[in-house]
Amino acid sequence: VRAEEADVLIGISDLNLQKEIKKRVCNWNAIWWYGDRKKHTFSSRKGFAGMGNLLKVLTREIENYPHFFLDFENAQPTDCEREVWNQVNAVLQESESILSGLQAYKGAGQEIRDGIQNPNDMLLQERAWNSVCPLVIRLKKFYAFSLKLEEALQSLLESLTCPPYTPTQHLEREQALAKQFAEILHFTLRFDELKMRIPAIQNDFSYYRRTISRNRLNNMNLDIENEVNNEMANRMSLFYAEATPMLKTLSTATTNFVTENKTLPLENTTDCLSTMASVCKVMLETPEYTSRFNSEDTLLFCMRVMVGVIILYDHVHPNGAFNKSSKIDMKGCIKVLKDQPADNVEGLLNALKFTTKHLNDESTPKNIRTMLQ
């Protein structure tokens, strides 16, 4: 295991072992350590291949649950990552404006109610229609962004799962792409949390569709149909009918990626997701890691990413994330969430309860279901 000399101690609970490693690593460039019939190499060289921020934690369960520290704040693309990184970055640059637009969404509820209650008052009908049309254009923008996000996610999955490297090796080599993958999940959960608090979205869009259908029967052509025609309206309606539309988009995109890449072993994708879950879990439960964060927001970022990859894993893996054979330590992940302030994690715990696929399977241990009640 190669790491910076101070960082190699993180995650080791045996104090005697800590002292021994510290003494040897600080005094030698490379040493051999024997224990548990295993042989490990440590190096105190700084900045090994640019991976000083991605560190393997030494535990006996390392083979089953790879543990890393990934610098979500500062990872930069290498030349090999640049092409995909640029493509994904162009999409991610829109994400904050999408969230701002959703957060500012007020709806046209009052105007619609006035129009419905006074069907013969053309002034109120016109006011309701003029209030809804700009909102529908905004909703189309959100939906169009989901399609861009889907394409970006599939590009990242292709890069992070392709042979000859294992998903773990990919994450070691391509930290900037792993960071972008995390940023997509972070955006997705933020978007869906906001959307669930805005019932006006579906009310506004339902009114729009009813009005369009009525006007079509009356042979009235409206300019907005050039922007949101019937086919587009149908697709948008399916999107906004989901409680968590962006997460549904990513789940479908991940499933499609696996289905369409038949020569790629399923494990390449599921191992990528389970490794990311372990990355976030260890970062959240290890004070030495959390102390490195420059911003308190990074804690919530890690929590959202962990929940996001768990949900994707649960949708893609035949047995799901909650099964005893799962490579994700679900008990540990849930405990990490519950150790945080309730206001920060209520939405994330609800996401695990209501947007996963296998939680209620008979194979899910009872203690896991109890933890999420």
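Taking an unreviewed UniProt entry as the reference, the protein chain is identified by name as Family with sequence similarity 49 member A belonging to Cyprinus carpio. The record held by UniProt for the protein chain lists under Subcellular location (unreviewed entry) the comment "Membrane". Listed in UniProt under the heading Sequence similarities (unreviewed entry), the comment for the protein chain reads: "Belongs to the CYRI family."

Enquirer: So what exactly am I meant to see when it comes to the overall build of the protein chain here?
Expert: Scanning the protein chain for helices and strands turns up 16 helices and 2 strands. Contacts spanning at least 24 positions in sequence make up 73% of the contacts within the protein chain whose residues lie at least 6 apart. Accessible surface computed for the protein chain: about 19200 Å², of which carbon and sulfur atoms make up 48%.

Enquirer: So what exactly am I meant to see when it comes to the environment of Pro365 here?
Expert: Tracing the backbone shows Pro365 in the loop between helix H15 (342-354) and helix H16 (366-371). Sequence-wise, Pro365 and Lys331 are 34 residues apart; in three dimensions their C-alpha atoms are separated by 9.8 Å.

Enquirer: Got a minute to help me understand the packing of aromatic side chains in this structure?
Expert: The geometry of an aromatic ring pair is captured by two quantities: the separation of the ring centres and the angle between the planes. For the structure on display, the rule yields 8 aromatic pairs. Here the aromatic rings of Trp129 and Tyr208 are separated by 5.7 Å at their centres, their planes lie at 5°, and the arrangement is stacked. Of this pair, Trp129 sits in helix H5 (residues 122-161) while Tyr208 sits in helix H8 (residues 200-217), placing them 79 residues apart in sequence. Measuring from ring centre to ring centre gives 5.1 Å for Phe145 and Phe187, while their planes differ by 70°; the resulting arrangement is edge-to-face. Linking Phe145 in helix H5 with Phe187 in helix H7 (residues 175-196), this pair joins segments that are 42 residues apart in sequence.

Enquirer: How should helix H13 (residues 297-316) be read in this particular structure?
Expert: One full turn of an α-helix is made of 3.6 residues, so residues set three or four places apart face in the same direction. For H13, which comprises 20 residues, the first-to-last C-alpha distance of 29 Å matches the rise-based estimate of 28 Å (1.5 Å per residue) to within 8%. Taken across its 20 residues, H13 has 16 buried, putting it largely inside the fold.

Enquirer: Would you explain the environment of Pro163 in this entry?
Expert: If you trace the backbone, Pro163 turns up in the loop between H5 and helix H6 (167-173). When its relative accessible area of 58% is taken as the criterion, Pro163 is described as exposed. On a C-alpha basis, the gap between Pro163 and Leu264 in space is 8.3 Å, while along the polypeptide they are 101 residues apart.

Enquirer: Which parts of the structure should I look at to understand the nonpolar core?
Expert: A general feature of soluble globular proteins is that nonpolar side chains tend to end up buried together. Counting residues in each nonpolar core, the largest one holds 100 residues, and the members touching the most others are Phe72, Phe181, Tyr208, Met276, Ile310 and Leu337. When residues of this core are assigned to their parent elements, the largest contribution, 16 residues, is made by H5. Look past the residues within four positions of Phe181 in its chain and what remains in contact with it is Leu153, Leu156, Leu157, Leu160, Leu273, Met276, Val309 and Leu312.

Here is what the cut-offs are and how they apply
Residues numbered from 1 in each chain as written. Predicted model: local features only at pLDDT ≥ 70, side-chain atom pairs only at ≥ 80, totals over all residues. Heavy atoms only, no water. UniProt positions renumbered as here; feature names shortened; annotations may be inferred. Helix = DSSP H or I, 4+ residues; strand = E, 2+ residues; numbered from the N terminus. Contact = heavy atoms within 4.5 Å. Areas by Shrake-Rupley, 256 points an atom, 1.4 Å probe, with all protein chains shown as cover. Phe/Tyr/Trp six-rings, centres within 6.5 Å; stacked < 30°, edge-to-face > 60°. Expected span 1.5 Å × (residues − 1). Buried < 20%, exposed > 50% of the residue type's maximum accessible area, 1.4 Å probe, protein only. Core = buried A, V, L, I, M, F, W, Y, C linked by side-chain atoms within 4.5 Å.

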